[in-house]
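# Observations on the three-dimensional arrangement
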Amino acid sequence: MEDLEKDLAYMGSALALAQKAQSIDEVPVGALVVLDDEVIGEGWNQPIRTHDPTAHAELMAIRQAANHIGNYRLLGTVMYVTLEPCCMCVGAMIHARIKRLVYAAPDLKTGAVSSAFNLLSAKSHNHTIEVSAGVLEVECSQILSEFFSQLRKKPRRC
């Protein structure tokens, strides 16, 4: 399978995880960690349900991947995520030594790859991550837009 075909297939799986997050009233973001064409970690947003501000899809996938291989270094892995990662998640990817990041939709408010911040271009990091953006961007943006549109229609809780 060609790289673009792989990226589309894995991003489709990440989108299914985003839908899982949406089904539990979490912001619909999904993530996968892939090593040698095997999914070794997956995650979806869960900070509201778990009362854990670090329970972003990317961190959940990184934790599962690290446990799967028995190492906190995820050398040679590819992270697929439906939304551009935030500062916290980019930092975790750098520390985990993710080889490549593929993300779908930009996050203009908190995206830390190229939208609001550009953390991966900092020369002070001892690790660089290859980046591909825009894979299934329309589909992943749509689920986020629909989620926030529905959220705005709900009465606010104090």
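Before any of the text, the structure's been laid out above.
Figured I'd write up the structure that's included with this text. Along every chain, residues carry numbers that run from 1 in the direction the sequence is written. Note on the predicted model: pLDDT of at least 70 is required for a residue's local features to be given, and 80 or more for side-chain atom pairs to be given and counted; whole-chain, interface and lining totals, by contrast, use all residues. No hydrogens and no water enter the side-chain calculation; it runs on all heavy atoms of the structure.

Take helix α4 (residues 87-96) next. Taken as a whole, α4 has its buried residues at Cys 89, Val 90, Ala 92, Met 93, Ile 94 and Ala 96. Residue contacts are defined here by distance: any two heavy atoms, one from each residue, within 4.5 Å place the two residues in contact. To qualify as a helix, a DSSP run of H or I must reach at least 4 residues; to qualify as a strand, a run of E must reach at least 2; elements of each kind are numbered from the N terminus. Buried-residue contacts for α4 involve α3 (57-69), β3 (78-83) and β4 (100-105). The first or second residue beyond α4 is Arg 97, which carries a positive phi of 65°. Remark: exposure states derive from per-residue accessible area (1.4 Å probe, protein chains only) relative to the maximum for the residue type, with buried under 20%, exposed over 50%, and partly exposed in between.

This paragraph deals with the nonpolar core. Think of a nonpolar core as a cluster: buried Ala, Val, Leu, Ile, Met, Phe, Trp, Tyr and Cys residues, connected wherever their side-chain atoms sit within 4.5 Å. Membership of the largest hydrophobic core comes to 30 residues, with the highest contact counts inside it found for Val 33, Ile 62, Leu 74, Met 79, Met 93 and Leu 101. For this core, the secondary-structure elements that each account for two or more residues are β1 (30-35), α3, β3, α4 and β4. Residues in contact with Ile 62, not counting those within four places in the same chain, are Val 33, Leu 74, Met 79, Ala 92, Met 93 and Ala 96. Formed by 18 residues, the second largest nonpolar core is a distinct cluster that contains Ala 14, Ala 21, Val 34 and Val 102.

With that settled, consider the packing of α3 against α4. Only C-alpha atoms enter the line fits that serve as axes; for helices the fit covers just the stretch in contact. Angles between N-to-C directions range over 0 to 180 degrees. Closest axis-to-axis distance for the α3/α4 pair is 9 Å, and the angle between their directions is 20°. Between α3 and α4, the angle falls in the class roughly parallel. Judged by the twist between their axes, the crossing of α3 over α4 is left-handed. Contacts between α3 and α4 involve Glu 58, Leu 59 and Ile 62 on the former and, on the latter, Met 88, Cys 89, Ala 92, Met 93 and Ala 96. Of the residues that constitute the contact of α3 with α4, the class distribution is 7 nonpolar, no polar and 1 charged. Small angles under 35 degrees read as roughly parallel and large ones over 145 as roughly antiparallel, with 65 to 115 read as roughly perpendicular and the rest as oblique. Crossing handedness: left-handed means the near helix sits turned counterclockwise from the far one by under a right angle, and right-handed means the same turn made clockwise. Side-chain classes follow a simple rule in which Ala, Val, Leu, Ile, Met, Phe, Trp, Tyr, Cys and Pro form the nonpolar group, Asp, Glu, Lys and Arg form the charged group, and the remainder, Gly included, forms the polar group.

With respect to the helices, strands and loops of the structure, Ala 65 is situated in helix α3. For the pair formed by Ala 65 and Ser 132, sequence separation is 67 residues and the distance between their alpha carbons is 21 Å. When residues no more than four places from it in sequence are discounted, the contact partners of Ala 65 are Val 33, Ile 40, Gly 41 and Leu 74.

Read these as layout, nothing more, since geometry by itself doesn't imply function.
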